Amino acid sequence: GVYFSPFATDLSLDELEDRKVAGTDYTFSDIVLRNDEGDMYSPVNSRYPLDVTHPGTKAYYKAELKELISCGFKCIKLHYLTHGALEGDFYNDEIITGIQAYNYAMKDVCKIIGNKVCISMVTSPVFPYCYANAKRICGDTYSDIKETENMLNALTYGFWQSRFSDYLDCDHVVLWGSEGNTSYKAAKSRLLSAIVTGGSFITGDNFVYPEGDSEKAAERFKKLLSDEKILALLSNAEAFEPRVEKVPSKASEAFSYMGEKGAYVAAFNYS
């Protein structure tokens, strides 16, 4: 897989002025999104939004996507798509709202990609939902139990998104961590949080040079990532539903799923 942000750029102000969009006479300053007064947005998540209706923006993402597809990648994670839904003064004067611009651009992106690769959307509008195979429902998530709770908070209130996305994405699954101090119980909780989200599963550890005791790290990876009973549940590709008697102030502590072989229940202890 590979990662690309088609509707945003992390270039600096000076670079926006100097950097040409490949294959065009436009600079990135020409294609950034502006308001009715002609002023640029301040960076959103450290990135400037692009005017997705501008021919220079289309030339930019079309060239990048075609190159990535030619490299043979099977999955493309499209990040910062919300930048393409912001309001602004669009190059195409037939486009008057941010979501209209987003639909305009995403239809084009999907036409370029076709059915060649799996599309996973990250930091994107919940609606419209029809442009991807997978959708991430939370922010960045690592191995700490509080981060797992945060991810499951997104599932508690967003489990219903599995009704119209092929796969929900719970972000990369970290079982050891960059400092190697994650407990085994916290790691197992993180793995299970990915299972109950259903579908998309990406590991996020350094398997080559893990921090600390590499033998213990390898032992953990092999034990958790080869547990057939747990991993078999990934094939359902549906999210577990939260089990709550009243609206919780945090993530639900229990989730359930009714499968062909019976009912499954997952319980989490966030403390």
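Note that the structure is a prediction, hence the values are computed from the model and not measured.

Undergrad: Looking at this model, I keep getting lost on the packing of helix 3 (residues 55-70) against helix 4 (residues 98-113). Mind explaining?
TA: A pair of packed helices is captured by two measures, namely the crossing angle of their axes and the spacing between those axes. It is the contact of helix 3 with helix 4, at a shortest axis distance of 10 Å, that shows an interaxial angle of 30°. Taken together, the axes of helix 3 and helix 4 are roughly parallel relative to one another. By crossing handedness, the relation of helix 3 to helix 4 is classed as right-handed. Within the contact between the two elements, helix 3 uses Lys-58, Tyr-61, Lys-62, Leu-65, Lys-66 and Ile-69 and helix 4 uses Ala-105, Asp-108, Val-109, Ile-112 and Ile-113. Broken down by class, the residue content of the contact of helix 3 with helix 4 amounts to seven nonpolar, no polar and four charged.

Undergrad: What exactly am I supposed to notice about the packing of aromatic side chains here?
TA: Ring pairs (aromatic) are described by centroid distance and by the angle formed between their planes. For the coordinates displayed, the defined rule picks out 14 aromatic pairs. With a centroid separation of 5.3 Å and an interplanar angle of 80°, the aromatic rings of Phe-28 and Tyr-60 are classed as edge-to-face. Placement of the pair is Phe-28 in helix 2 (residues 28-31) and Tyr-60 in helix 3, with a sequence separation of 32 residues. The buried category is assigned to Tyr-60, whose relative accessible area is 16%. An aromatic cluster of three or more residues is present, and its members are Phe-127, Tyr-129, Trp-160 and Phe-164.

Undergrad: What should I look at first to understand the pattern of salt bridges in this one?
TA: Note that side chains of opposite charge can pair when their charged atoms are close. This model, assessed by the stated rule, comprises eight salt bridges. Where Lys-77 meets Asp-169, a salt bridge forms, and the shortest distance between an N and an O atom there is 3.4 Å. Pair noted here: Lys-77 is in strand 4 (residues 75-78) and Asp-169 is in strand 7 (residues 167-169), with a separation of 92 residues, a long-range link. A relative accessible area of 15% means that Lys-77 is categorised as buried. Here Arg-136 makes a salt bridge to Asp-140, at a shortest N to O gap of 2.9 Å. Classification of Arg-136 as buried rests on a relative accessible area of 9%. Residues joined in a network through salt bridges with shared partners are Arg-136, Asp-140 and Asp-171.

Undergrad: Explanation requested: a negative patch on the surface in the structure shown.
TA: A contiguous patch of negative charge, built from Asp-14, Glu-17, Asp-18 and Asp-30, is present on the exposed surface. In this structure, Asp-14 sits in helix 1 (residues 13-18). In this structure Asp-14 comes out as exposed when scored by relative accessible area, which is 59%.

The rules we used
Residues numbered from 1 in each chain as written. Predicted model: local features only at pLDDT ≥ 70, side-chain atom pairs only at ≥ 80, totals over all residues. Heavy atoms only, no water. Axes fitted to C-alpha atoms, helices over the stretch in contact; angles between N-to-C directions. Helix = DSSP H or I, 4+ residues; strand = E, 2+ residues; numbered from the N terminus. Parallel < 35°, antiparallel > 145°, perpendicular 65-115°, else oblique. Left-handed = near helix turned anticlockwise from the far one by under 90°. Contact = heavy atoms within 4.5 Å. Nonpolar A, V, L, I, M, F, W, Y, C, P; charged D, E, K, R; others polar. Phe/Tyr/Trp six-rings, centres within 6.5 Å; stacked < 30°, edge-to-face > 60°. Buried < 20%, exposed > 50% of the residue type's maximum accessible area, 1.4 Å probe, protein only. Salt bridge = Lys/Arg side-chain N within 4 Å of Asp/Glu carboxyl O. Patch = residues over 30% accessible without salt bridge, like charges linked within 9 Å, V, L, I, M, F, W, Y side chains within 5 Å. Areas by Shrake-Rupley, 256 points an atom, 1.4 Å probe, with all protein chains shown as cover. Lys, Arg positive; Asp, Glu negative; His and termini not counted. Charge placed at Lys NZ, Arg CZ, Asp CG, Glu CD.

Remember that the coordinates give geometry; whether it matters functionally is a separate question.
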